[in-house]
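# Survey of secondary and tertiary structure
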Amino acid sequence: MSTRALIVVDVQPTFCEGGELGVDGGNRVAADVAAYAGEHRDRYGLVVTTQDWHIDPGEHFSDTPDFVDSWPVHGVAGSPNAELHPALADLAADVAVKKGQYDHGYSGFDGADVAGRSLESVLREAGTTAVDVVGLAESHCVKHTALDATRLGFSTRVLADLTAPVSPELGERAREELAAAGVELADSGAAR
């Protein structure tokens, strides 16, 4: 069994075109992640999804957002746009982590599964030593999840073609930050 996990970050309609915080290319990312996971499920001992699942995230929501620390309402717990993207209907993830109920929840490691286990606990219990991180948005939740994975000692890759940033500039900045932290940036076609 592989000790590598696939972490699918926040592939939700709220972050795709037409959603409250839609990212250009979000629907493409959803379709491409679904196809990749379907073709390469055998590479992973564990597949985990994360979702923004906001109940009362405080100052994270704002009527006058600055798009740095505050944002329009999005990822509202129980709403259709907070569910996983329909393209992931056949993903068959092993674990679903919900995050951000009462805070910003940028990192998947801020959340927990239905049993209350943190993402770190889920990964450690499965014997995971390495993670591939994909999803939305590269410049925010993907970046924070990958940085936390590295900080916690997991060998971490971001499959850059299976993500999209809020903007090209923020994406470039995120990739620089990830590389500086020791996160490998790879293409899914070259990932083994």
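Above this text you will find the structure in question.
As a starting point, this report considers the structure included with it. For clarity, every value in this text was computed on a predicted model and none was experimentally measured.

As enumerated under the stated definition, the model contains 12 salt bridges in all. The closest approach of N and O atoms between Asp-113 and Arg-117, which form a salt bridge, is 2.8 Å. Arg-117 gets classed as partly exposed once you look at its relative accessible area, which sits at 28%. A salt bridge links Asp-148 to Arg-151; the shortest N-O distance between them is 3.4 Å. A residue pair is termed a helical-turn pair when its members lie 3 or 4 positions apart in one helix, as Asp-148 and Arg-151 do in helix H3 (residues 138-151) at 3 residues.

With that settled, consider the packing of aromatic side chains. The full count for this structure, using the stated rule, is 3 aromatic pairs. Consider the rings of Tyr-36 and Tyr-44, whose centres lie 6.3 Å apart with planes at 65°: the pair is edge-to-face. Assigned by exposure class, Tyr-36 and Tyr-44 land together as buried. Here the guanidinium or amino end of Lys-98 rests over the ring plane of Trp-53, the centre of that ring lying 4.5 Å away.

By the criterion of burial, H3 is predominantly enclosed, with 11 of the 14 residues buried. In this structure, the buried residues of H3 make contact with strand S1 (4-9), strand S2 (46-52), strand S3 (95-99), strand S4 (130-136), strand S5 (155-164) and helix H4 (168-180). Gly-153 sits one or two positions beyond H3 and adopts a positive phi of about 95°.

Rules of the game
Residues numbered from 1 in each chain as written. Predicted model: local features only at pLDDT ≥ 70, side-chain atom pairs only at ≥ 80, totals over all residues. Heavy atoms only, no water. Salt bridge = Lys/Arg side-chain N within 4 Å of Asp/Glu carboxyl O. Buried < 20%, exposed > 50% of the residue type's maximum accessible area, 1.4 Å probe, protein only. Helix = DSSP H or I, 4+ residues; strand = E, 2+ residues; numbered from the N terminus. Phe/Tyr/Trp six-rings, centres within 6.5 Å; stacked < 30°, edge-to-face > 60°. Lys NZ or Arg CZ within 6 Å of the ring centre and 35° of its normal. Contact = heavy atoms within 4.5 Å.

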